[in-house]
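Each chain, written out:
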Amino acid sequence: MSDELKMSVSPICTKDGKKYAFVSFTDGKRSAEGKIPDCKITESMGFDENEVKQLEAYMSRELPQLKKMAAGIDIMRNFMNGTKT
């Protein structure tokens with residue numbers, strides 16, 4: 001397993017007129033999921049309280065970039081590009 005922390009961002013979701021996206025972190029042993037623009041970790045397995053606060057601070061600091069990443073995800077384009085004809 002790698003000690004490298006990997007991050008992924010979901011596409012933008014909408015519920016009750018509010019837009020949000022999920023940000024996931026994993027290093028192969030531990031995982032955490034947060035929600036933007038709230039910048040709060042909603043689920044964590046293996047990260048201590050201090051590390052969770054660091055992940056939330058990272059999301060807050062990088063919020064503009066994380067929003068761009070989420071907005072740039074086109075599920076259908078990715079699905080169609082992943083198929084072979």
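Residues numbered from 1 in each chain as written. Predicted model: local features only at pLDDT ≥ 70, side-chain atom pairs only at ≥ 80, totals over all residues. Heavy atoms only, no water.

**Q** Lay out helix α2 (residues 63–71) in plain terms, naming residues and giving numbers.
**A** When we look at burial in α2, the residues that qualify are Leu-63, Leu-66 and Ala-70. The arc that holds the buried residues of α2, viewed along the axis, is 60°, so those residues lie on one side. What points out from α2, more than 90 degrees from its buried face, is the exposed set Pro-64, Lys-68 and Ala-71. Of the surrounding secondary structure, the elements contacted by the buried residues of α2 are β1 (6–9), β3 (18–26), β4 (31–36) and α1 (49–61). (Buried < 20%, exposed > 50% of the residue type's maximum accessible area, 1.4 Å probe, protein only. Helix = DSSP H or I, 4+ residues; strand = E, 2+ residues; numbered from the N terminus. Arc of directions from axis to C-beta. Contact = heavy atoms within 4.5 Å.)

**Q** Outline the pairing of strand β5 (residues 40–45), listing residues and values.
**A** Relative to β5, β4 runs antiparallel, the two being bridged by five bridges. Paired with Lys-35 across the two strands is Lys-40, which belongs to β5. Between β4 and the antiparallel strand that follows it, β5, lie three residues; Cys-39 among them carries a positive phi value of about 60°. (Pairing = 2+ DSSP bridges.)

**Q** Could you give an account of the pattern of salt bridges, with specific residues and numbers?
**A** Under the counting rule described, the total for this entry stands at three salt bridges. In this structure, Arg-30 engages Asp-27 in a salt bridge whose closest nitrogen and oxygen atoms are separated by 2.9 Å. Taking relative accessible area as the criterion, Asp-27 reaches 7% and is therefore assigned buried. The partner of Glu-49 in a salt bridge is Lys-53, and the shortest N-O contact between them spans 3.6 Å. Here Glu-49 and its partner Lys-53 are both found in helix α1, four residues apart, which amounts to about one turn of the helix. We note that Glu-49, like Lys-53, is exposed. A network of salt bridges, in which partner residues are shared, links Asp-27, Arg-30 and Glu-51. (Salt bridge = Lys/Arg side-chain N within 4 Å of Asp/Glu carboxyl O.)

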